[in-house]
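Below are the chains, spelled out letter by letter.
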Number of protein chains: 2
Amino acid sequence: MQIKRAEKYGFCFGVKRAIRLAEQNKNAVTIGPLIHNQKEIDRLKINFNVNVETNLDNIKEDSNVIIRTHGIQKNDLEKLKQINTHIIDATCPFVTKPQKICEQMSNEGYNIIIFGDKDHPEVKGVASYCSSPYQVVLDKESIDSNIVRNKIALVSQTTKNLSKFLEIANYLIEISPEVRVFNTICNATFENQEAVKQLAKECDIVIVVGGKQSSNTKQLLQISLNYCKDSYCVEDENELQENWFLDKKVCGITAGASTPGWIIDNVENRIKEL
Amino acid sequence: MQIKRAEKYGFCFGVKRAIRLAEQNKNAVTIGPLIHNQKEIDRLKINFNVNVETNLDNIKEDSNVIIRTHGIQKNDLEKLKQINTHIIDATCPFVTKPQKICEQMSNEGYNIIIFGDKDHPEVKGVASYCSSPYQVVLDKESIDSNIVRNKIALVSQTTKNLSKFLEIANYLIEISPEVRVFNTICNATFENQEAVKQLAKECDIVIVVGGKQSSNTKQLLQISLNYCKDSYCVEDENELQENWFLDKKVCGITAGASTPGWIIDNVENRIKEL
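Residues numbered from 1 in each chain as written. Chains lettered and ligands numbered in written order. Predicted model: local features only at pLDDT ≥ 70, side-chain atom pairs only at ≥ 80, totals over all residues.

Caption draft 1: Region of interest: the interface of chain B and chain A. With 14 residues of chain B in contact, the opposing surface of chain A contributes 14 residues. Among the elements that line the side of chain B that touches chain A, the one with the most residues is helix H6 (residues 162-175) of chain B, at six residues. Taken together, the residues of the side of chain B that touches chain A break down into eight nonpolar, three polar and three charged. Here strand E9 (residues 178-182) of chain A pairs with strand E9 (residues 178-182) of chain B via five bridges, running antiparallel. Along E9 of chain B, the bridge assignment pairs glutamate 178 of chain A with phenylalanine 182 of chain B. (Contact = placed C-beta atoms within 7 Å. Helix = DSSP H or I, 4+ residues; strand = E, 2+ residues; numbered from the N terminus. Nonpolar A, V, L, I, M, F, W, Y, C, P; charged D, E, K, R; others polar. Pairing = 2+ DSSP bridges.)

Right under this line is the structure:
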């Protein structure tokens, strides 16, 4: 069986930067998991004693605190500053952007639509910068008509899909006299998504390597399924099942933006053995 | 043969208002034709001595000058003010809006895309309010990449088609970090366009009554042709051809936003005779 990797896959700029910051700050604490990949979080814990803390009340004065790639909520950031922690900001710069946009648009009197998953940490962080009415939606059907009575700004979770974003933008443009559209979808996400589309067309099985919590990994799988019905998501090589590969000729591999290269290599090696 | 009128057709708010202003200002001069309908212009000349003047140098001090529904260029307006004319502004308020938007967006440092016909008087007027780089386009393929390097504002000629406007918006959103979309397409245009779509589906011949220069009339014909191949545009009843109606069972009638009711009635009466 031939194995092909996608043209673009895996670690994005923001994740690489966050991991470098964690490696440079031994014994630090991250607020929530640094990235959406448990194996890499474990590695940082074992090799650099970087620990995950979800309860801010457990953070001690003077400790080194790393803000995760997805950012945190505005109030939490204030709280960390109040207890005199040393803040190492590993928020992806592409996430800082929609945070700033929401803050500015609220100040300018726009209501805000955020295209994203309302429970995703990035979206919670971004939404916390809205001081005007806002709504987090996954599709145009969910948009609250009260929100669109005002002039509207539209931003996106960085890892979302462009075509759905455009659907929402088009709906808003039809009904609102002014829509200020900020395309905050990150290029790496877009490139990985374009690449898996191509890959899936050329393969009879596709393995997407990534965390089960990772938004962009889930979307890679969705896109892949549109072009190759035998597409599977695994967190590591142990989740691969031998029967998936029966009679398959070309296996594609791609990976989410928070999947480290060493896991992808392990997966590829295990596939070769099967 | 059955005759059906579209659910919505003919005079829009801005045209009605302009004609009322002309009728109230006997002996006034309009800068260019008040609306895009020669027959109505002739009627205003005969009944109210309202004359058309295209050369600003011929305008005399102290004369009553009517600004046409499409508006005029910023410099021309200044010139009229300088020669102390009495200005009666019949610019459609829906046209004044994109003029103001262009002025404001230029001031805020946006480059501007105007979706429209570059030779249309409305578009010339709107464009004259841009002091930043701008471009008038009819499709996304024509967009100059130099314009979109900056943050972008998008406006539309009031009588243009929404779906094409969205195509341009989508293209800009894909390539620009911020697109400020102003949907300046006027509701009357939109409603007339939706209505002709429905009408054309129910008829085997459609007559669109309107001026040959009228942008919204041309679009009504285009939309009608998509659903009924026997669609024709006429300026008045004299342009109707008997052979069009052979074997036809249901004839639809619609009219552009600048077509007066009396012309539509004449057309309908002539069709009944044929």
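Caption draft 2: The arrangement of the sheet that holds strand E6 (residues 111-115) of chain B in detail. A sheet is described by the order of its strands in space; here eight strands give the open sequence E7(A)-E6(A)-E8(A)-E9(A)-E9(B)-E8(B)-E6(B)-E7(B), paired in mixed fashion. Single-partner strands in this sheet number two, and they are strand E7 (134-137) of chain A together with strand E7 (134-137) of chain B. The average undirected angle you get between the axes of adjacent strands in this sheet is 20°. In this fold helix H4 (residues 93-107) of chain A packs onto strand E6 (111-115), strand E8 (152-156) and E9 of chain A, with an angle of close to 170° to the strand it touches most, E8 of chain A. Where H6 of chain B meets the sheet, its contacts fall on E9 of chain A together with E6, E7, strand E8 (152-156) and E9 of chain B, and the angle it forms with E8 of chain B comes to roughly 175°. (Axes fitted to C-alpha atoms, helices over the stretch in contact; angles between N-to-C directions.)

Caption draft 3: Summary view of the domain arrangement of chain A. All names here are of chain A. In terms of domains, chain A is made up of domain 1 (2-9 + 187-273), domain 2 (13-91) and domain 3 (94-181). The distance between the C-alpha centroids of domain 2 and domain 3 comes to 27 Å. In this complex, domain 2 contributes 10 residues to the contact, which on the side of domain 3 involves 10 residues. Its residues assigned to classes, the side of domain 2 that touches domain 3 comprises one nonpolar, eight polar and one charged. (Domains from an automatic or database assignment.)

Caption draft 4: A look at the environment of serine 215 of chain B. Residues and elements named next belong to chain B. In this structure, serine 215 sits in helix H8 (residues 215-227). A residue is classified by how many C-beta atoms lie within 10 Å of it, and serine 215, with 25 of them, is buried. In this structure the C-alpha to C-alpha distance between serine 215 and histidine 120, which are 95 residues apart in sequence, comes to 8.1 Å. Discounting residues that sit within four places of it in the chain, serine 215 has contacts with Asp117, His120, Gln157 and Thr159. (Buried ≥ 20, exposed ≤ 12 C-beta atoms within 10 Å, placed from the backbone.)

Caption draft 5: Fine view of the relation of the copies chain B and chain A. The two copies are related by a screw operation: chain B maps onto chain A through 180° of rotation and 0.0 Å of translation along the axis, at an RMSD of 0.0 Å. Here the symmetry operator amounts to a two-fold rotation axis. When C-alpha positions in chain B are compared against the rotation axis, the closest is assigned to arginine 180 of chain B, at 2.1 Å. Looking at chain B, 100% of its interface residues are interface residues in chain A too, so the copies touch through the same face. (Least-squares fit on C-alpha atoms with pLDDT ≥ 70 in both.)

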